[in-house]
Each structure stands twice: as structure tokens, then as C-alpha cells.
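Structural overview for review
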Amino acid sequence: MRNLNTKDGLSLSELSLGCMNLPTDDKAEAEKIIEAALSAGITYFDTADLYQFGENEQMVGEILSKYRSQYNFTIGTKVGNQFDAAKQEKIAWNPGASYIKEAVKDSLHRLGIDQIDLYQLHGGTIEDDKDETIQAFEDLKQDGVIRSYGISSIRMNVIDYYRKHSSMATLMMQFNPIDNRPLEVMETLGDIRPLARGPVMKGLMSHKSSKVLEEKFESGILDYSKDELKESIDALARLNSDLTALSYAFLRKNNAVIVNGVSSLEQLNDNLKSYGKTEDLTEQEYSRILKAVKTLKYGEHRI
Ligand SMILES: NC(=O)c1ccc[n+]([C@@H]2O[C@H](COP(=O)([O-])OP(=O)(O)OC[C@H]3O[C@@H](n4cnc5c(N)ncnc54)[C@H](OP(=O)(O)O)[C@@H]3O)[C@@H](O)[C@H]2O)c1
């Protein structure tokens, strides 16, 4: 497994585990997935306080703690969505410093750790008091409560602000050959490490592509109708019949950490197999991928 560094010295496995869709109602299966991920060399685990209103952090923390003496790994979580765990509902978007400094304690407690490796702002708008948020992250870093911070955002204007005014180490976005909107952002990132969520586009970029197209993309997505999606997927499959390996190679070309979510051990094993077949693309191979898909741009939140 390759590893990619961040400017704050985190080492993240190129293929990482997105924990959002782990089965919280079947902790034995979730543990099998996490254990298989660790033994395959996956060292980065992505969660968020909001996932299942704290339950995901709790479960991931509990499982990982059993393996701490055996493996080195890094945990990323997220903040900004204030929620009521008892009522299982989101209350408000809250990027305020006092909220973040309280919420981090809850995340640490649920994860059972005393320092968060990567703390990410879970969204954000241009109207937020961004300097206050940045200062809160800087304070937490200074105090050793977190090792580094990043944002998860698909808003160009927000990304641009944090890129210029903060020392964020990572930027998470949905990114794969079909949803290639982040491409224009890549050029501006410098030493900020991209974290690609949605690398298999909910299974569309997998060997279950046809089934997933019917079940999850009946009305198309982004600028694609369902028929256009099928056309692009067919064109990609002509380049590489392993669509997951193709997506991973595309993301590797963009120096991204691939944060793949799974809901079963079978999916993880399929993804690991594809990772084993992931190639370093030549410029020509890369441009063939780009020709097979639409070039998308972020439409809103640009200025
Ligand atoms: N705003 C944010 O910060 C944000 C938002 C979303 C996600 N995330 C993070 O990013 C991670 C990944 O994002 P994601 O879960 O949306 O995207 P993803 O990794 O592309 O999709 C995960 C889903 O795709 C399906 N899948 C995965 N591997 C498959 C395979 N080999 N064959 C068929 N289907 C497969 C599964 O769907 P089924 O479960 O339906 O089978 C799985 O739950 C999440 O786990 C989370 O940690 C962050």
C-alpha cells in the first residue's frame, strides 16, 4: 500500500476507509471490515461526529482501540453540524469557535483518544465567520488537541478562502472520473493534500456498475442524464474493464488520498483487489479518461 504525506506530517494510506456507511447495526461485520482494512495496509479512517449522530465515531473508536498496539493508524473526523444525539436530529450549521472547542471534546470522548489526527470542517459557507473558525482550529492545534486540520467542501469560494487564509492540510471533495469538478481546484492546491471521497461513485465505478446505474442513478446525476452516464461508463470500461482500478488510477494521477466507503466486507475486498491492479497512468492514458467523460465545473458558490 502506498502512503501519502500531508504537510503536517501525517502519513495516510493511498487507499483509505470511509467509515460513514459501515454497518453500525452489525458491529461484528464492521469490525471484520476494519480489521481487514488494517491488515491490508489501510491506515487512514475517515468518520464524522454527525454520522449516525455520534454512533459512528463511538463504534469506529471502540474497534480501532483494540488494534492500536498492533497497527499505526490515523483517524480523521469532522465538526460543524450541531446535532441532538438523543433526538437523532441535526440542529444547525455551527462553525463558531466556542462550539468547535466543545464539540472536539465530545469527539475525543466518543473516539476514546486524546488527540485527533485530522479535524475537518464538515462544510461551510462564505457567510461564516471563517477567521473565527480558522483561529479555533489553530488554537486546538497549538494546544495539541488536534494534530492538523482540513475542510470538506465543494464550494469554490470557501475552498479559496481557506486555501489563502489558513494552514489547512487537507481538502475533501467528491472526486472521480465522472464527478471531475475538483479538477480545476487541483491546480490551486499547492501543498494541501486532496482527499477524494466518493471514488466509486456509490458503486457506479465498480463491477456492479449496471445494477447501480439502474438502482441509484435513474434520474442521472450532475450534468449527466442516465443515458449519458451509461455512455461514459461504457467508454471508460473500454479503457479498463476494472472501473474501480480506473478511478483509483485517475485519482492517483491527482495525488489524492482515496477515501472509499463500504458497507460490507465483500465491497472492501473487491476494492482492495482493484487497488492491487491500479496503475500509474501516462499522460495519454489520463487524457483518454478525460475524453470519455464530461468536463464538469462547480456552478454555484464561486464568488
Ligand atoms: N461531506 C463530507 O465530508 C462527506 C460526505 C460523504 C462522505 N464522506 C466520507 O467519504 C467516504 C466515502 O464517500 P461515499 O461513501 O459517499 O462514497 P463511495 O466510497 O464512492 O461510496 C460508498 C458506497 O459505494 C458502494 N460501494 C463501495 N464499494 C463498492 C463495490 N466494490 N461494489 C459496489 N458498490 C460499492 C456502497 O454502497 P451501498 O452501501 O449502497 O452498497 C458504499 O456504501 C464516506 O464513508 C465518508 O467517510 C464525507
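All chains use their own residue numbering, which begins from 1 and follows the written sequence. In view of the model being predicted, local features appear only for residues whose pLDDT reaches at least 70, and side-chain atom pairs are presented and counted only at 80 or more, with totals across whole chains, interfaces and linings using the full set of residues. Calculated side-chain values reflect all of the structure's heavy atoms, with hydrogen atoms and water omitted.

As recorded by an unreviewed UniProt entry, the protein carries the name Aldo/keto reductase and is attributed to Salinicoccus halodurans.

Concerning the UniProt feature "coiled-coil region" (unreviewed entry) in the protein
UniProt positions are given in the numbering used here, feature names are shortened, and annotations may be inferred rather than shown by experiment. The positions that UniProt labels "coiled-coil region" (unreviewed entry) are, in the present scheme, residues 226-285. Note on conventions: DSSP H or I runs of at least 4 residues are helices, E runs of at least 2 residues are strands, and numbering of each starts at the N terminus. Spanning residues 226-285, this segment combines 67% helix with 8% strand, and its end C-alpha atoms are found 25 Å apart.

Concerning the environment of K208
Within the secondary structure, K208 is located in the loop between β11 (193-197) and α7 (209-216). By relative accessible area, K208 is classed as partly exposed at 34%. Burial status follows relative accessibility: with a 1.4 Å probe on protein chains alone, a residue under 20% of its type maximum counts as buried, one over 50% as exposed, and anything between as partly exposed.

A short note on the pairing of strand β8 (residues 116-121)
With six of its six residues buried, β8 lies for the most part within the structure. Following DSSP output, two strands are said to pair if at least two bridges run between them. In this sheet, β8 lies alongside strand β5 (residues 74-79) in parallel orientation, the contact comprising four bridges. In the strand pairing of β8, T77 is matched with Y119. Crossover handedness is defined by viewing with both strands directed away from the observer: a clockwise path from the first strand over the helix to the second marks the crossover as right-handed. Once you follow β8 into helix α4 (residues 130-142) and on to strand β9 (residues 146-152), the crossover reads as right-handed.

What about empty space enclosed by the protein?
Put simply, the grid is 1 Å and covers the protein atoms alone, a cavity is a trapped set of points that fit a 1.4 Å probe, a pocket is an open set with protein on both sides within 12 Å along at least five of seven lines, and lining residues have an atom within 4 Å of a point. Grid points are joined across faces, edges and corners, and a volume is the space filled by probe spheres set on the points. Counted under the stated rule, the structure contains one cavity of 30 Å³ or more. Its volume calculated, the largest cavity comes out at about 40 Å³. Contributing to the lining of the largest cavity are L15, S16, L17, I42, N260, V262, L268 and N271. Counting residues per element, the ones that place at least two in the lining of the largest cavity are β3 (15-18) and α10 (265-276).

Re the site of the ligand
Around the ligand lies a shell of 26 residues, among which D46, S152, K216, G261 and S263 are the nearest. For the purposes of these results, a polar contact is taken to be a pair of N or O atoms within 3.5 Å, where, inside protein, one atom must be able to donate a hydrogen and its partner to accept one; residues adjacent in sequence count only when each atom of the pair is a side-chain atom. Interatomic distance of 2.7 Å between a backbone N/O atom of G261 and an oxygen atom of the ligand. Summarising the interface, the protein chains cover 86% of the accessible area of the ligand, which totals 900 Å² for the free molecule. To decide whether a molecule occupies a pocket or cavity, check its atoms: if more than half lie within 2 Å of the grid points, it is inside. Cavity membership is defined here by more than half of the atoms lying within 2 Å of grid points; on that basis the ligand lies in the largest pocket. Residue classes follow a fixed rule: Ala, Val, Leu, Ile, Met, Phe, Trp, Tyr, Cys and Pro count as nonpolar, while Asp, Glu, Lys and Arg count as charged, and any other residue, Gly among them, counts as polar. Across the shell around the ligand, the residue classes break down as eight nonpolar, twelve polar and six charged. We call a residue near a molecule or strand as soon as one heavy atom of that residue lies within 4 Å of the molecule or strand. Each accessible area is a Shrake-Rupley result for a 1.4 Å probe, and residues are judged covered by the shown protein chains and nothing else.

Some points on the pattern of salt bridges
By definition here, a salt bridge exists when the distance from a side-chain nitrogen of Lys or Arg to a carboxyl oxygen of Asp or Glu is within 4 Å. Applying the stated criterion across every chain yields a total of 22 salt bridges. One salt bridge connects K7 with D191, and the closest N-O pair in it is separated by 3.4 Å. Note that K7 is positioned in the loop between β1 (3-5) and β2 (11-13) and D191 in the loop between α6 (183-186) and β11, a separation of 184 residues in sequence. Judged by its relative accessible area of 51%, D191 is exposed. Notably, a salt bridge pairs E102 with K105, separated by 3.0 Å at the nearest N-O pair. With E102 and K105 both in helix α3 (residues 97-111) and three residues apart, the pair spans about one turn of that helix. Through salt bridges that share partners, R2, E14, R252 and D280 make up one connected network.

Side note on α3
By definition here, a helix of n residues has an expected span of 1.5 Å times n minus one. The terminal C-alpha atoms of α3 lie 21 Å apart, and with 15 residues this matches the ideal 21 Å at 1.5 Å per residue to within 8%. Buried residues of α3: A97, Y99, I100, A103, V104, S107, L108, R110 and L111, and no others. Down the axis of α3, the sector holding all buried residues measures 165 degrees, keeping them to one side. Away from the buried face of α3 by more than 90 degrees, exposed residues S98 and H109 are located. By definition, the arc is the one covered by directions from the helix axis to the C-beta atoms.

A look at the UniProt feature "domain: NADP-dependent oxidoreductase" (unreviewed entry) in the protein
Mapped onto this numbering, the UniProt entry annotates "domain: NADP-dependent oxidoreductase" (unreviewed entry) at residues 15-291. End C-alpha to end C-alpha, residues 15-291 measures 25 Å, and it is 43% helix and 18% strand.

Some thoughts on the nonpolar core
Counting residues in each nonpolar core, the largest one holds 85 residues, and the members touching the most others are L17, F45 and Y119. If you tally residues by element for this core, the top one is α3, at seven residues. By the convention used here, residues are in contact when the closest approach between their heavy atoms is within 4.5 Å. Not counting residues up to four positions away in its chain, the partners in contact with F45 are L17, C19, I34, A37, L38, L64, F73, T74, I75 and G76. In this description, a nonpolar core means a group of buried Ala, Val, Leu, Ile, Met, Phe, Trp, Tyr and Cys residues linked to one another through side-chain atoms lying within 4.5 Å. Counting nine residues, the second largest nonpolar core, distinct from the first, contains L12, M172, L195 and V257.

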